[in-house]
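Residue-level listing of the chains:
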Amino acid sequence: MAASLSLLQARRIALAAQGLDKERPTGPVTSRAVGRTFARLHVVQIDSVNVLSRSHYLPFFSRLGNYDRSILHAMAGRSPRRMMEYWAHEASFIRPEHFQDLLLWQNRAWVGAAHLEHGLREDMANRILDTLATGRPMTAAQLTAHLGHQEDRQHDNWGWNWNLVKRVLEHLFEEGLVTAASRTEQFERRYTLTSRVLPPGLPAVIPRAGALPDGGSELSTAAMDRLIDAAAQAHGIGSIRCFADYFRTPVKAAAASIDRLVAAGRLEPVTVRGWDRALYRHAEARLPRAATGRALLSPFDSLVFERRRLEELFGFHYRIEIYTPAEKRKFGYYVLPFLLRDAVVARVDLKADRAAKQLLVRAAHGEPDAPADTAVELAAELRLMAQWLGLDDVVVSPMGDLSSPLASAVARG
């Protein structure tokens, strides 16, 4: 019989797997601690929105507190790299050992390819690859100037009006031939050959699953098993959809992989009272006796990747409203869920006003069953975030049912 768990136990397993079940360590955060956190997560999503902080910085703050962001720059920009960029759950930092498996199973039809005449694309790709093979990493703008490329600006809104060089670069990135050696202060990729970024011993290019007979060779099967095993480790417990969504792998192939991992003893079928679907617990998943953590979570945090999982497991309905017209937003532009112990108890719309050195709480809403200490704990978390961001004050606007008690808690210090 499958083991039976309560919903609260399932939550604690999920939080432990994500490194969110305990209070943060005291003392300075070391590069080793940051590396361990990334190894646990396997993937951190990248997003260009910078209203608060770049999204890939936030998961480490959520789990570690006030850490030095230059540690991430070193992990992604110096050899031997411990993180690199590729498609996973959208554009992401991934562990380099996952690159070949993701290259095999990612099947994104990069839209740029369809908009480029084949001969033109191939010629520009060869010129870019030759340049990067013999020179330093370059941004798209630097490559455009180096190659002497000129073209009329397009105004069809496709590809953010990218020029040919940028479109071909993104196609080469999707194909796994180039990646980011680092990022500029403006968050532009400095492109280089992927072979220059991967640690020794890892092949830079392998065939995609679609190029293999039925996508089911021994190579592709082993790759999928590794990805699903990593996703299950990161989630601790979840459904087929949860594990497939973590790296955005095909659900049918993920389901077959789960069967193999169950047979191998890496996954265990379980039932969770109140979570009505087929569920699996990873063999290494830990069930803590209690959850004592506290964290503000990025809209792109891996705990909240899969919105249906978040609602079924934590009873928290969440949608990001960045692309919703302002007058139709319910909670705000850049809303972070607030995790307290074993529940998501509130949400806050945050903005870093860097000129005024203020962390702005533009709205604060509590969940119906939020505990009595929610405002006090959230105030402490906001003060910690302000310190991490180099801001002097937390300013709470009178928007949302939690704003008044939160403002009082912030004022009390």
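Residues numbered from 1 in each chain as written. Predicted model: local features only at pLDDT ≥ 70, side-chain atom pairs only at ≥ 80, totals over all residues. Heavy atoms only, no water.

### Side note on the nonpolar core
Core analysis: the largest hydrophobic core is formed by 131 residues, its most contacted members being Leu52, Ile128 and Met385. When near neighbours in sequence (up to four residues on either side) are disregarded, Ile128 contacts Leu143, Leu147, Val165, Val168, Leu169 and Leu172. (Core = buried A, V, L, I, M, F, W, Y, C linked by side-chain atoms within 4.5 Å. Buried < 20%, exposed > 50% of the residue type's maximum accessible area, 1.4 Å probe, protein only. Contact = heavy atoms within 4.5 Å.)

### Section: the sheet that holds strand E11 (residues 335-340)
Read across the sheet, five strands follow the order E10-E11-E12-E13-E14 without closing on themselves; strand pairing throughout is mixed. What marks the edges here is a single partner per strand, and that holds for strand E10 (294-296) and strand E14 (393-396). Each neighbouring strand pair of the sheet contributes to a mean axis angle of 30°, computed without reference to strand direction. In terms of strand pairing, E11 meets strand E12 (residues 343-353) through six bridges, oriented antiparallel. When the sheet's bridge partners are listed, Leu340 is paired in E12 with Ala343. Against the sheet, helix H14 (residues 374-389) engages E10, E11, E12, strand E13 (358-366) and E14, with an angle of about 60° to E10. Across the face of the sheet, helix H15 (residues 403-412) comes into contact with E13 and E14 while running at roughly 155° to E14. (Pairing = 2+ DSSP bridges. Helix = DSSP H or I, 4+ residues; strand = E, 2+ residues; numbered from the N terminus. Axes fitted to C-alpha atoms, helices over the stretch in contact; angles between N-to-C directions.)

### Here we look at the confidence of the model for the protein
On average, residues of the protein score 91 in pLDDT, and 91% of them are at 70 or above. In this model, residues 109-114 is a region of pLDDT below 50 whose contacts with residues beyond four sequence positions or in other chains number ten contacts. Taken as a whole, residues 208-215 scores under 50 in pLDDT and shows 17 contacts with residues more than four places along the chain or in a different chain. (pLDDT = per-residue confidence, 0-100.)

### What about the packing of helix H8 (residues 140-147) against helix H9 (residues 164-174)?
In contact at an axis separation of 9 Å, H8 and H9 are set at 120° when each is read in the N-to-C sense. By the angle class used here, H8 and H9 are oblique. Like other packed secondary-structure pairs, H8 and H9 cross with a definite hand, here right-handed. Counting all contacts with H8, which are made through Ala140, Leu143 and Thr144, the residues of H9 involved are Val165, Lys166 and Leu169. (Parallel < 35°, antiparallel > 145°, perpendicular 65-115°, else oblique. Left-handed = near helix turned anticlockwise from the far one by under 90°.)

### Focus on the sheet that holds strand E4 (residues 90-94)
In space, the three strands of this open sheet follow the order E2-E4-E3, with antiparallel pairing throughout. Across the chains shown, the open sheet's two edge strands, defined by having one partner strand only, are strand E2 (43-45) and strand E3 (84-88). In this sheet, neighbouring strand axes are inclined to one another by 40° on average, regardless of whether the strands run parallel or antiparallel. Relative to E4, E2 runs antiparallel, the two being bridged by three bridges. Residue pairing for E4: Gln45 is matched across the bridge by Ser92.

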